[in-house]
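# Observations on the three-dimensional arrangement
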Amino acid sequence: MSSFDLELLKSFRKNTEWFDNNYQSLKKYDGQFIAIDRENVIDSDNDYRSLVNRIKKLYDKSLYVTLVTSRGTVSPAK
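How each quantity is defined
Residues numbered from 1 in each chain as written. Predicted model: local features only at pLDDT ≥ 70, side-chain atom pairs only at ≥ 80, totals over all residues. Heavy atoms only, no water. Helix = DSSP H or I, 4+ residues; strand = E, 2+ residues; numbered from the N terminus. Rg over C-alpha atoms; globule rule 2.2 N^0.38 Å. Buried < 20%, exposed > 50% of the residue type's maximum accessible area, 1.4 Å probe, protein only. Contact = heavy atoms within 4.5 Å. Lys, Arg positive; Asp, Glu negative; His and termini not counted. Charge placed at Lys NZ, Arg CZ, Asp CG, Glu CD. Pairing = 2+ DSSP bridges.

We now examine the overall build of the chain. Per the secondary structure count, the chain includes 3 helices and 4 strands. Relative to a compact globule of 78 residues, whose C-alpha radius of gyration would be 12 Å, the chain shows 12 Å and is just as compact. Along the first, second and third principal axes, the C-alpha atoms of the chain reach 35 × 25 × 20 Å. Expressed as a percentage of its 78 residues, the buried residues of the chain come to 28%. Residue pairs at least 24 apart in sequence account for 39% of intrachain contacts in the chain once pairs closer than 6 positions are excluded. The averaged location of the 11 negative side-chain charges in the chain is 2 Å from the averaged location of its 13 positive side-chain charges.

Now the structure itself:
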């Protein structure tokens, strides 16, 4: 595994943990996809493709994207 892959996994883990620890305050995004980078919501959208297309233009790296629901989370993202 490359150092890039390790950094990506570490970042994903940190953002996943941050999401889990801050879920209550993120419920305001219920029904929306959110993009998280460095333990911050950087963008959100009701449409997954729109969000991913927008963040791909702005960021030259993979970001944690997840759907916020009142029933929990579904992570379709990279």
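Our focus in this paragraph is the pairing of strand S2 (residues 40–45). Where strand S1 (residues 33–37) meets S2, 5 bridges bridge the pair, whose relative direction is antiparallel. Looking across to S2, one finds that Asp-37 is bridged to Asn-40. If you look at the hairpin formed by S1 and S2, you'll find 2 residues sitting between the two strands, and Arg-38 has a positive phi there, around 50°.

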